[in-house]
Amino acid sequence: MINIIIPFPSTAAADAAVPLSNEDDCLRTLNCFGVHVNVIMSLFVIRCPAIAKVCLIKNRKNLFLSAALFNKLSFIRLNTHISNNNMVREGVLPPAESGEFIAKNAQHVKIHEAGLEKLCEEMLPSITNKLEIPDTGADIIHPDKDHDKAADWVFVADALNFCFWSYSGAQKWTVDGHSGYYALEAALARAIKNGIDITNPKYYSKITEDELRSIMKGDNEATIPLFEQRVSVLHEVGSILLEKYNGTFETCLKEANKSAVKLLEIIVKNFPCFRDEATFKGQKVALYKRAQILVADLWNFFGGTGWGEFKDIDKMTMFADYRVPQVLVYFGALSYTDELMEKLKKDILLPSGSEEEVEIRGCSIHAVELLKKRIEEKLAGRSVEVPNSSLIDYYLWCYRRKYADAMETIPFHKTLGIYY
Ligand SMILES: Nc1nc2c(c(CN[C@H]3C=C[C@H](O)[C@@H]3O)cn2[C@@H]2O[C@H](COP(=O)(O)O)[C@@H](O)[C@H]2O)c(=O)[nH]1
């Protein structure tokens, strides 16, 4: 039970505090007292982190609390509850809690139990021992874990792991026949093979436009999207590694001491271009797509050992990009309002941080969390490894790749930005 004390100036000689054991109690009490929400919110935010017991002191003002604000209140309560162990940045809900908050308040996107069930049934046969990831036939170009700067290679790849889409019908940027993210992997692998020092921050913190253009040269006229932003990202992360981390991402890994959450915190606190946050219905939320996929990629590429050993990897959520939502919609686990669907079909851009964009991403995070619970329930009593959210994400992302043709019928959202 959490109790919160919210003192109001007008109730100095306040009546007895009322302990709140659950959200219904909280709602009933608030309704009955008719507390001014703004007063609650501000005092709540300021006072809660320091207070373990929450009581509500009677307020004589007659104002109402809407359902949406109540939701927000209960999430801020949740937020304060987790603040000591889970919070990555002060005042910002971590990804799992952000997903739940966004899903509860979403107006353009819905999660459907029936679709989650369908997806769960699709995945179960792939869990014989552990979850088998659909084969996309691209293993040859992943960062090489035996390379002497393998961790820095993964870091550079995920620093640049955003926005590969092209408008419907436009020519795609491809490298050695690979498109999207795999084109990036192919370009980096080619650069390394040609002796370019692309894993070294000394080189890429000062990389010129011409040098990066040559590294990213595609098979046709199409170029990698957001080229200038990529140059800036490399300059930013490269200089930070040089200034603070001895010129290698390995220093961050050592500092994280095998904790995925600690590494996530190091990344988002120190490298601004990884700070994938937004404000949704007045609440600061975090999606941290590139930062979390960086942690999970290390875990995945190094097979959970060496630089890839994280005792709390299960704390990561899915990586809210523009592909996994496509699969979730395909299975009916997510749906969009007609208006939003029309926008996607017409290639209308969703601004980064807009309500619709945040809802697609937040609902995807929450849908995968719900899917994980459902899978876990179905696997109860079987001696198989229950997949974490990163593995479920890889499954879904690779599923989209493997069944790209079938997935064409589902439009994906297009946003110009460096976060995913
Ligand atoms: N949620 C999620 N999003 C992911 C990935 C990956 C690649 N991860 C590799 C690492 C280990 C795995 O085995 C994968 O091979 C890229 N993306 C995002 O997708 C988008 C491009 O998509 P497409 O057009 O298909 O290339 C773009 O936003 C990109 O940032 C993932 O795994 N999960």
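Only a predicted model underlies this, so the values are computations on that prediction, with no experimental measurement involved.

Student: Teacher, can you tell me more about the overall build of the chain here?
Tutor: Along the backbone of the chain there are 18 helices and 8 strands. The burial tally for the chain puts 42% of its 420 residues in the buried class. Looking at the chain alone, contacts between residues at least 24 apart form 78% of all its contacts between residues at least 6 apart.

Student: It is not clear to me how the packing of helix α12 (residues 260–270) against helix α13 (residues 289–301) should be interpreted in this structure. Could you clarify?
Tutor: Helix packing for two helices is described by the angle between their axes and how far apart those axes are. Between α12 and α13, the shortest axis-to-axis distance is 10 Å and the interhelical angle comes to 135°. Taken together, α12 and α13 sit at an angle that is classed as oblique. Handedness of the α12/α13 crossing: right-handed. Within the contact between the two elements, α12 uses Ala260, Leu263, Leu264, Ile267 and Val268 and α13 uses Ala291, Gln292, Leu294 and Val295. Class assignment of the residues belonging to the contact of α12 with α13 gives a composition of 8 nonpolar, 1 polar and no charged.

Student: Sorry, what's going on with the nonpolar core here?
Tutor: One broad rule of soluble globular proteins: the nonpolar side chains tend to lie buried together. Grouped together as the largest cluster of nonpolar side chains are 108 residues, with contacts concentrated most on Leu264, Val285 and Val295. Among the elements that make up this core, the one with the highest residue count is helix α7 (residues 180–193) (9 residues).

Student: How should the packing of helix α5 (residues 113–123) against helix α16 (residues 355–379) be read in this particular structure?
Tutor: In contact at an axis separation of 10 Å, α5 and α16 are set at 55° when each is read in the N-to-C sense. Considered as vectors, α5 and α16 are oriented oblique to each other. Here α5 and α16 pass one another in a crossing that is right-handed. On α16, the residues touching Leu116, Leu119, Cys120 and Met123 of α5 are Ala367, Leu370, Leu371, Arg374, Ile375 and Lys378. Per-class residue counts for the contact of α5 with α16 are 8 nonpolar, no polar and 2 charged.

Student: Teacher, can you tell me more about α13 here?
Tutor: Since there are 3.6 residues in each turn of an α-helix, residues three or four apart along the chain are aligned in direction. Look at α13: 17 Å from first C-alpha to last across 13 residues, which is about the 18 Å you get at 1.5 Å a residue. In terms of burial, α13 is a largely internal element, 12 of the 13 residues being buried. For α13, every residue scored as buried is listed here: Lys289, Arg290, Ala291, Gln292, Ile293, Leu294, Val295, Ala296, Asp297, Leu298, Trp299 and Phe301. Looking at the buried residues of α13, the elements they touch are α4 (95–105), α6 (150–159), α12 and α17 (389–402). Just past α13, the residue Gly303 takes up positive phi, approximately 60°.

Student: For this particular structure, what's the right way to read the site of the ligand?
Tutor: In the vicinity of the ligand there are 19 residues, among which Gly180, Tyr181, Phe319, Asp321 and Trp397 approach most closely. Of all the elements in the fold, those that place two or more residues in the shell around the ligand are α7, α13 and α17. Per-element tally for the shell around the ligand: the top contributor is α17, with 4 residues. Across the shell around the ligand, the residue classes break down as 11 nonpolar, 3 polar and 5 charged.

Student: When you look at unusual backbone geometry in this model, what are you seeing that I'm missing?
Tutor: It is generally the case that most residues other than glycine have a negative phi and that most peptide bonds are trans. One non-glycine residue, Cys163, adopts positive backbone phi at about 50°. Phi is positive for Leu226, close to 50°, though the residue is something other than glycine. Mapped onto the elements, Leu226 comes out in the loop between α9 (209–215) and α10 (227–244). Given 17 C-beta atoms within 10 Å, Leu226 falls into the partly exposed group.

Student: Explain α10 here, please?
Tutor: In this model α10 runs 26 Å from its N-terminal to its C-terminal C-alpha over 18 residues, within 8% of the 26 Å that 1.5 Å per residue would give. In this structure, the buried side of α10 is in contact with α6, α8 (201–204) and α9. Phi for Asn246, located one or two positions after α10, is positive at around 60°.

Student: Explanation requested: the confidence of the model for the chain in the structure shown.
Tutor: When pLDDT drops low, the exact placement of atoms in the prediction is not to be read closely. When pLDDT is averaged along the chain, the result is 85, and 79% of the positions lie at 70 or above. Across the interfaces of the predicted complex, the ipTM metric reaches 0.98, alongside a pTM of 0.83.

Student: Can you walk me through the environment of Ala159 in this structure?
Tutor: Considering the arrangement of structural elements, one finds Ala159 in helix α6. Note: C-alpha distance between Ala159 and Ala291 (132 residues apart in sequence) is 8.4 Å. The residues touching Ala159, leaving out its near neighbours within four places in the chain, are Val233, Leu234 and Val237.

Student: Can you walk me through the pairing of strand β7 (residues 283–286) in this structure?
Tutor: Looking along a regular strand, one sees the side chains alternate between the two faces of the sheet. As judged from the 4 bridges shared by strand β6 (residues 277–280) and β7, these two strands associate in the antiparallel manner. Opposite Ala278, over in β7, you have Val285 as the bridge partner. From the end of β6 to the start of β7, which pair antiparallel, there are 2 residues, and Lys281 there has a positive phi angle of about 50°.

Student: Please clarify how the environment of Leu334 should be interpreted in this entry.
Tutor: Relative to the elements of secondary structure, Leu334 occurs in strand β8 (residues 334–336). Residue Leu334 is classed as buried on the basis of its C-beta count, with 27 C-beta atoms lying within 10 Å. When the C-alpha positions of Leu334 and Ala406 are compared, they lie 17 Å apart, and in sequence the two are 72 residues distant.

Conventions we followed
- Residues numbered from 1 in each chain as written.
- Predicted model: local features only at pLDDT ≥ 70, side-chain atom pairs only at ≥ 80, totals over all residues.
- Helix = DSSP H or I, 4+ residues; strand = E, 2+ residues; numbered from the N terminus.
- Buried ≥ 20, exposed ≤ 12 C-beta atoms within 10 Å, placed from the backbone.
- Contact = placed C-beta atoms within 7 Å.
- Axes fitted to C-alpha atoms, helices over the stretch in contact; angles between N-to-C directions.
- Parallel < 35°, antiparallel > 145°, perpendicular 65-115°, else oblique.
- Left-handed = near helix turned anticlockwise from the far one by under 90°.
- Nonpolar A, V, L, I, M, F, W, Y, C, P; charged D, E, K, R; others polar.
- Core = buried A, V, L, I, M, F, W, Y, C linked by C-beta atoms within 7 Å.
- Expected span 1.5 Å × (residues − 1).
- Near = placed C-beta within 6 Å.
- pLDDT = per-residue confidence, 0-100.
- Pairing = 2+ DSSP bridges.

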